[in-house]
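These are the residues of each chain, in order.
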Amino acid sequence: MSATERRAWKLVCVGLLASLPALAQAPPGRAPRAGTKAPAPDSIVATVGGRAIGRAELEARYESSRAAYRARAGSDLAEEFVPIARRQILEGLIRRELLLLEAPRRGMAVSEQEAEQEVKRDPFFQERGQFSQARFDAIRTTQPAQFQAAIRQIKEKLAGRKLQEQLNRELAPPEAELRAGAERSLARAAVSFLALRRRDFSGLYPEPRESEVIAEYRAHAARYRLPDRARLTLAFLNTPPPTDSVRADPAALRAWTARMRARADQALAAIRGGVSLENATPAFGVPRRDVVVTRENFPGYWRADERLNGLLFAQAAGSVLMEPVPADLGWLLARVEEVSPAHVAPLADVAPAIRSELRDRALRRTEDAALRSLYAGMRDSLRTTGYRVRYAVLDTAAVDPGEPDAAAIERYYRSHLAEYSVFDAATTSVKQRPLAEVKDEVRRRWMRERRLEVARDLALRLEAAWRKGVRDRAIESRIPLLRDVGPVAIGAAADTGAAGRAVGDSLARRGGVLGVGAGPGPRGRLVFQVYEAVPAYVPTFEQARGRVAALRQSESEREDERAARAMFDRDPVRFAAGGVVRFTRVIVAPADILDVPLTREEVERYHQEHIDRYSAPETVRARHILVSPAGPGPEEDAKARARAQELLRRIRAGEDFATLARLYSEDPATRESGGDLGDFARGVMLENVERAAFALRAGETSDLVKSEVGYHILQCMHREPAVAQPLVWMYANVASDAAIDKAKVAARRRADSLYLEAPTAERMRAAAQKLNLFMTPMEHRVGDRRGLPQLVEALTRLETMRPGQMYPGPVEIPSGELAFFWVDSILPPGPPDWEEAKDRAIEAYRLARGRRAVDAKSAELDSLERAGATLDSLGGMWGGLEKLDQLERGKGLPGLGGVAEVDSLVFGTGRAAPLAPGHASGWLDLEAAAVRLRVDRRAAPDPVEVTSRVERARRDELDKRLYAYFDGLKRRYPVRILDRALRDVAPPAPREP
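Quick notes on the rules
Residues numbered from 1 in each chain as written. Predicted model: local features only at pLDDT ≥ 70, side-chain atom pairs only at ≥ 80, totals over all residues. Heavy atoms only, no water. Helix = DSSP H or I, 4+ residues; strand = E, 2+ residues; numbered from the N terminus. Rg over C-alpha atoms; globule rule 2.2 N^0.38 Å. Buried < 20%, exposed > 50% of the residue type's maximum accessible area, 1.4 Å probe, protein only. Areas by Shrake-Rupley, 256 points an atom, 1.4 Å probe, with all protein chains shown as cover. Lys, Arg positive; Asp, Glu negative; His and termini not counted. Charge placed at Lys NZ, Arg CZ, Asp CG, Glu CD. Phe/Tyr/Trp six-rings, centres within 6.5 Å; stacked < 30°, edge-to-face > 60°. Lys NZ or Arg CZ within 6 Å of the ring centre and 35° of its normal. Arc of directions from axis to C-beta. Contact = heavy atoms within 4.5 Å. Axes fitted to C-alpha atoms, helices over the stretch in contact; angles between N-to-C directions. Parallel < 35°, antiparallel > 145°, perpendicular 65-115°, else oblique. Left-handed = near helix turned anticlockwise from the far one by under 90°. Nonpolar A, V, L, I, M, F, W, Y, C, P; charged D, E, K, R; others polar. Salt bridge = Lys/Arg side-chain N within 4 Å of Asp/Glu carboxyl O. Pairing = 2+ DSSP bridges. Patch = residues over 30% accessible without salt bridge, like charges linked within 9 Å, V, L, I, M, F, W, Y side chains within 5 Å. Core = buried A, V, L, I, M, F, W, Y, C linked by side-chain atoms within 4.5 Å.

Draft legend 1. Main features of the overall build of the chain. When helices and strands are tallied, the chain shows 31 helices and 31 strands. By the compact-globule yardstick of 30 Å for 993 residues, the chain is too spread out, its C-alpha radius of gyration being 42 Å. Viewed in the frame of its principal axes, the chain has a C-alpha envelope of about 145 × 85 × 60 Å. Looking at the chain as a whole, 42% of its 993 residues qualify as buried. Here the chain has roughly 51,700 Å² of accessible surface; of this, 52% comes from carbon and sulfur atoms. Charge-centre separation for the chain: the mean point of 157 positive side chains lies 2 Å from the mean point of 141 negative side chains.

Set out below in structure tokens:
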């Protein structure tokens, strides 16, 4: 019996028994009217086979249910759900009347004694907790007619209850089946797996062998050495922050800093007494967690000396450094969560990067061999006009400006006097720094500007001579880099290195016109002369590489398409488009944030709970010069390093960083802005570059920093420390965010309530129309896995559902809206068509090519295992085994699929036992990968959760069967709903089990 029906029976019996005390109060000898008074026609809401349901009883039931909901939920039922709730209560009353009508036909007999026993249980006949026979006899003897009428009604109601109980027994699903299903659905397991993802195997080059990965790791162990690291939790003692006037007054700022130091000492004293860092600093907000530092790289706001930094790395995990750390503003208290000594990164951590590098090398070798072969066969077709070119690079680093004499330094100082003057606040006057104090700086600046002048003058003189057709040896002898190259084909680099590429680009822009040109180059001023055309020239392989590569790419694409078409012709059905699922989506949107009520306490609590969101992160502004190797190999890398080292020397000798960046940096995105990288926080730049940038103080220049793109020189322009913003500064933003989250929670509750009241497609459609919810018909092609992960999961499940079936529960999408889905119809797949299937067929062909590489790799790993390797060691060469601590039945492996295979191995089937814990499977051929799977442990379902799931499943299945049974009774005993508002609301349908 459902909860609604149980409440209905209780009220029926209470109502009947409550009439008995009235018999005792009737005057002796006067027989009250038997039964209850028939309701007036306008108070009847429904009739069931001639029996009436009164409005008064409906309203009483509704008020009782509303009070119960308010007590349970803490609020009234939403207005839009009231009609649904009233219709549900009416359905319970209709079912009661149907049982009363059906009970005699089913032979549900109730004896006189059973009816009397029901009467005797009424509180009216109890005295001091005991049944009063005297009171019972008095009622029975003094009011016999009324007593018998009440007994007849109780017998009728008890017969209906007996029928209900019999139906519950007859229609109840088997207990063992329910329990087995609950245990299956609640089964959880922890698994580890090694996945060879097919997308990582192109089949276009030989895959690196595992021995090559290990050899590369051992040969370059120093490259993978990690420095000492510590993970910290930091409390910032800088609140309230100093005002601008305090900052401007050194004495006042020192006093504020001293007050913060005193509060830091108080907090440390409390920590020594056993108080946690959080509880010792409650007035300073929530501490910042997971701050990772190394001995060479601390946050910009960190101002500790070497001694204090050394103490930090000597702390035990979980302990607080018992000295306050000076910060750029105030003080810090630091708790060390974890310390990792310097060590070579384990193979599992770096194997993916090593494998990627080896794959790149293999791809380049394979491509190079294929391109050279293609080049050899098409040399004659490549004939074109070549050009002989000479070019000069006026590198300011190599130009000798000479030493300035005293007069030159004096003149430069006088002409730039404003730059060597300072404002004296004490005298409110401008004071000039004497030449003796700034002489070295003046000399460096004079030489830097003189180098630029000399280089510019030489470039102009060389360009003028070449334009006249003159080779001036006096000028050319002073040029740092002068080369004669060619023949050069248009579209190819004129020479190796950045200067050669720049000359090649200039040649292409000129279209081969002979003559002289000039402009900025990668290392200074560039002057070039195209002085001779060479007809019928066959470009070298390197010059023709671009054209040959484009031809190879076109041929590869055509070959892939031909092979894919052959696959399609052999088995067209394989490439038939999936069927189409037509479904309806209903959206429950959060309320407008302007309509969400908020108290100040709620905003303050939200600010504290999300303090990291309202803290400005530490940022640094830096500029860089990038010097990249001209090609692969250690020789080119050494040349790039030497060029970068020379630039670093010039910067430290006083040359302008931005000027050198514009002349020599090989990062086109930042070159014109003097290498400016802008402001950035952690997690944005390449790891090595970021680490170096955040280790610099304002104005400092780094050593050479190596990254995967070359050598960097970094200069810190300024830093901004991390700051927890006070609530008063961003109250509106916090309130807006809090309102958004509150609206989402309210929308979730509303969606959950709607699902409880409308768990079927028919009911949900009616509710959506009544509530004006956004309802959209949509289509999904079977097998399409594109889109947001939340929606892909729902749409994938829709593929397995039948028309009219509703997706279980609301699905939350990133916008904060909640969506309900149900299947309207399913269209079968259409006949395959090559043009429509072409992309899928080409993809299938390429996957098949990659599949062969996957098979070869899995065979190699199997041979290693036979030689003694474990699954863990094999996984280590692939970055470590992937793990799932809570694998559920029916989920498969994330992104890899394999629901049936994984469930069979991990949880077993009726015919096969699962893998034992610690045992691994062979290779599973899943849709997206070949997988070795190991069961680490299998957890038995929580008995309480199993019992709850069994109860819910029993209730849902029983409700479904009872719904069908009562549907049949309504055809036998016609039901008429007289209340139009209730008649327009669809009756509640059972939830899918």
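Draft legend 2. The arrangement of the packing of aromatic side chains in detail. Under the counting rule described, the total for this entry stands at 16 aromatic pairs. Considering the side-chain rings of Tyr965 and Phe966, the 5.8 Å spacing of their centres and the 80° angle between planes classify their relative orientation as edge-to-face. Judged by its relative accessible area of 1%, Phe966 is buried. One aromatic cluster in this structure is built from Phe124, Phe125, Phe131, Phe136 and Phe147. Above the ring of Tyr807, the side-chain terminus of Arg797 is found at 5.8 Å from the ring centroid.

Draft legend 3. Representation of helix 19 (residues 600-609). Residues of helix 19 that are buried include every one of Val603, Tyr606 and His607, and no others. The buried residues of helix 19 occupy one face: seen down the axis, they fall within an arc of 100°. In helix 19, the exposed positions that point more than 90 degrees away from the buried face belong to Glu601 and Glu609. Residues of helix 19 that are buried make contact with helix 24 (731-757).

Draft legend 4. Region of interest: the packing of helix 20 (residues 634-652) against helix 21 (residues 657-664). Interaxial distance between helix 20 and helix 21 falls to 10 Å at its minimum, and their mutual angle equals 155°. For the element pair helix 20 / helix 21, the angle class is roughly antiparallel. With respect to the hand of their crossing, helix 20 and helix 21 are arranged in right-handed fashion. Contacts between helix 20 and helix 21 involve Leu647, Arg650 and Ile651 from the former and Phe657, Leu660 and Tyr664 from the latter. Class assignment of the residues belonging to the contact of helix 20 with helix 21 gives a composition of five nonpolar, no polar and one charged.

Draft legend 5. Region of the structure containing the pattern of salt bridges. Tallying each qualifying case throughout the model produces 89 salt bridges. Residue Arg359 is joined to Glu207 by a salt bridge in which the shortest nitrogen-to-oxygen separation is 3.0 Å. On the criterion of sequence distance, the pair formed by Arg359 in helix 13 (residues 347-377) and Glu207 in the loop between strand 5 (188-197) and helix 8 (210-219) is long-range, its members being 152 residues apart. We classify Glu207 as buried; its relative accessible area is 16%. With its nearest N and O atoms 3.9 Å apart, the salt bridge here joins Arg932 to Asp862. You can see Arg932 sitting in strand 30 (residues 929-939) and its partner Asp862 sitting in helix 27 (residues 834-866), a full 70 residues away along the chain. When its relative accessible area of 6% is taken as the criterion, Arg932 is described as buried. For Asp862, a relative accessible area of 22% gives the class partly exposed. Among the ionic contacts, a cluster of salt bridges with common partners joins Arg51, Glu57, Arg61, Arg96, Glu97 and Glu156.

Draft legend 6. Layout of the pairing of strand 7 (residues 229-237). Burial runs high along strand 7: seven of the nine residues are buried. Here strand 7 pairs with strand 10 (residues 331-340) via nine bridges, running antiparallel. Bridged to Phe236 within strand 10 is Leu332. In the sheet, strand 7 pairs with strand 8 (residues 288-294) via five bridges, with the strands oriented antiparallel. Note that in strand 8 the partner of Leu234 across the bridge is Arg288.

Draft legend 7. Seen up close, the sheet that holds strand 9 (residues 325-326). Reading across the sheet, the four strands line up as 8-7-10-9 and stay open at both edges, with antiparallel pairing between neighbours. In this open sheet, the two edge strands, each paired with only one partner strand, are strand 8 and strand 9. Here strand 9 runs beside strand 10; their pairing, made up of two bridges, is antiparallel. What sits directly across from Pro326, in strand 10, is Trp331.

Draft legend 8. Spotlight on the sheet that holds strand 1 (residues 44-48). If you walk across this open sheet you meet the three strands as 2-1-31, and the pairing is antiparallel. Looking at which strands have only one partner, the edges of the open sheet turn out to be strand 2 (51-54) and strand 31 (975-977). Strand-to-strand twist across the sheet, computed as the mean angle between neighbouring axes with direction ignored, equals 20°. Alignment of strand 1 against strand 2, held across four bridges, turns out to be antiparallel. Looking at the pairing, Ala46 lines up with Ile53 of strand 2. The strands touched by helix 3 (residues 82-105) within the sheet are strand 1, strand 2 and strand 31, with strand 2 carrying the most contacts at an inclination of about 150°.

Draft legend 9. Spatial organisation of unusual backbone geometry. Of note, the amide linkage connecting Thr239 to Pro240 takes the cis form, showing an omega dihedral of -5°. The residue Pro240 is located in the loop between strand 7 and helix 9 (244-248) in this model. Put simply, Gly486 and Pro487 share a cis peptide bond, and its omega is 0°. Along the chain, Pro487 falls in strand 15 (residues 481-489). Phi is positive for Arg128, close to 50°, though the residue is something other than glycine. Position of Arg128 among the secondary structure elements: in the loop between strand 3 (126-127) and strand 4 (130-131). At Ala536, a residue that is not glycine, the phi angle is positive and equals roughly 50°. Take Ala536: it is sitting in strand 17 (residues 524-537). Since its relative accessible area comes to 51%, Ala536 is described here as exposed.

Draft legend 10. Representation of the environment of Ser948 in the model. With respect to the secondary-structure elements, Ser948 resides in helix 30 (residues 943-972). Along the primary structure Ser948 and Phe541 are separated by 407 residues, whereas in three dimensions their C-alpha atoms are 74 Å apart.

Draft legend 11. Just the packing of helix 3 against helix 6 (residues 144-171), in detail. Direction vectors running N to C along helix 3 and helix 6 enclose 90°, while the axes themselves pass 8 Å from each other. Taken together, the axis directions place helix 3 and helix 6 in an arrangement best described as roughly perpendicular. Contacts from Leu99, Leu100, Glu102 and Ala103 in helix 3 reach Glu156, Lys157, Ala159, Gly160, Leu163, Gln164 and Leu167 in helix 6.

Draft legend 12. Looking closely at a nonpolar patch on the surface. On the surface, a cluster of nonpolar side chains totalling about 280 Å² of accessible area is made up of Ile593, Leu594 and Ile740. With respect to the helices and strands, the residue Leu594 is situated in the loop between strand 18 (580-588) and helix 19. Residue class for Leu594 comes out exposed when judged on its relative accessible area of 77%.

Draft legend 13. Expanded view of the environment of Asp784. Along the chain, Asp784 turns up in the loop between strand 25 (774-781) and helix 26 (789-798). For Asp784, a relative accessible area of 23% gives the class partly exposed. The spacing of Asp784 and Gly578 is 206 residues in sequence and 8.3 Å in space, taken between C-alpha atoms.

Draft legend 14. Looking closely at the environment of Leu374. Of note, Leu374 is situated in helix 13. For the pair formed by Leu374 and Arg552, sequence separation is 178 residues and the distance between their alpha carbons is 7.8 Å. Among all residues touching Leu374, those that are not within four sequence positions of it are Val548, Leu551, Arg552 and Glu555.

Draft legend 15. Quick peek at the nonpolar core. In this structure, Ile53, Leu90, Leu754, Met764 and Phe820 are the most contacted members of the largest nonpolar core, which totals 59 residues. In terms of residues, this core owes the most to one element, helix 3, which gives eleven residues. Among the nonpolar cores identified, the runner-up in size contains 21 residues, and Tyr217, Ala345, Ala351 and Val854 belong to it.

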